[in-house]
Amino acid sequence: MTDKEPSGAEKMFGGFAPALVHFTDDVLFGEVWKRTELTPKERSLVTVAALTTNGNTDQLVFHLGLAKENGNTEAELIEAITHLAFYTGWPQAMAAMAVAKKVFRS
């Protein structure tokens, strides 16, 4: 038996959606994120771009913090979101930038 802290997915969905917790923890973060073809920094930047593009601001909160942990600077992330405004749409970029401001200035 281990005393490890429950994952975010486990805290959110625990016994309610155990398969989703498994796929999140074991497949997405356990296998996909550990692939070596992209660095964690690159993988985080791609993820922030995808979440911004799709307007997934709830998940963006976590992934902006993870992107910083993985070596992206606030300036790089702000620039990426600014750049995306021209490719993905102004509303998505504005919403993502509002999240970034909360995450970086809280």
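In this convention, every chain numbers its residues from 1, walking through the sequence in written order. The model is predicted, so local features are restricted to residues of pLDDT at least 70 and side-chain atom pairs to those at 80 or more, both for listing and for counting; the totals for chains, interfaces and linings are taken over all residues. Remark: hydrogens and water are excluded; side-chain values derive from all non-hydrogen atoms of the structure.

Colleague: Please give an account of the packing of helix α3 (residues 40-54) against helix α5 (residues 74-88) that cites residues and values.
Modeller: Two elements in contact, α3 and α5, have axes separated by 10 Å at closest approach and are oriented at 40 degrees. One way to sum up the angle between α3 and α5 is to call them oblique. α5 is crossed by α3, and the crossing has right-handed handedness. Along the contact surface, α3 presents Lys 41, Leu 45, Val 48, Ala 49, Thr 52 and Thr 53, while α5 presents Glu 76, Leu 77, Ala 80, Ile 81, Leu 84 and Thr 88. Just so you know the grouping, Ala, Val, Leu, Ile, Met, Phe, Trp, Tyr, Cys and Pro go in nonpolar, Asp, Glu, Lys and Arg go in charged, and all remaining residues, Gly too, go in polar. Counted by class, the contact of α3 with α5 contains 7 nonpolar, 3 polar and 2 charged residues. Helix axes are fitted only over the stretch in contact, all axes being lines through C-alpha atoms; the angle between N-to-C directions runs from 0 to 180 degrees. Helix and strand labels come from DSSP, where a helix needs a run of H or I of at least four residues and a strand needs a run of E of at least two; each type is numbered from the N terminus. Our angle categories are set so that under 35 degrees counts as roughly parallel, over 145 as roughly antiparallel, 65 to 115 as roughly perpendicular, and the remainder as oblique. Here is the rule for handedness: rotate from the far helix to the near one, and if that takes an anticlockwise turn smaller than a right angle the crossing is left-handed, while a clockwise turn gives right-handed. Residues are treated as being in contact if the distance between any of their heavy atoms lies within 4.5 Å.

Colleague: I'd like to hear about the pattern of salt bridges, residue by residue, with values.
Modeller: A side-chain nitrogen of Lys or Arg and a carboxyl oxygen of Asp or Glu constitute a salt bridge if their distance falls within 4 Å. For the structure shown, the criterion picks out 5 salt bridges. Here Glu 5 ties to Lys 11 by a salt bridge, and the two come within 3.0 Å at their closest N and O atoms. Exposure class is identical for Glu 5 and Lys 11. Each is exposed. One connected set of salt bridges, linked through shared partners, spans Lys 68, Glu 74 and Arg 105. Under the scheme applied here, a residue whose accessible area is under 20% of the maximum for its type counts as buried, over 50% as exposed, and between as partly exposed, the area being computed with a 1.4 Å probe on protein chains only.

Colleague: Account for the packing of aromatic side chains, with residues named and values stated.
Modeller: Working definition: rings of Phe, Tyr and Trp (its six-membered ring) pair if their centres are within 6.5 Å, and the pair is stacked with planes under 30 degrees apart, edge-to-face with planes over 60 apart, and tilted otherwise. Applying the stated criterion across every chain yields a total of 3 aromatic pairs. With centroids separated by 5.8 Å and ring planes inclined at 20 degrees, the aromatic side chains of Phe 29 and Trp 33 adopt a geometry described as stacked. Residue classification places Phe 29 among the partly exposed positions, given a relative accessible area of 27%. Arranged with centres 5.3 Å apart and planes meeting at 90 degrees, the rings of Phe 86 and Trp 90 form a pair that is edge-to-face. The exposure class assigned to Phe 86 is exposed, which follows from its relative accessible area of 61%. The rings of Phe 29, Trp 33 and Phe 62 are connected pair by pair, giving a single aromatic cluster.

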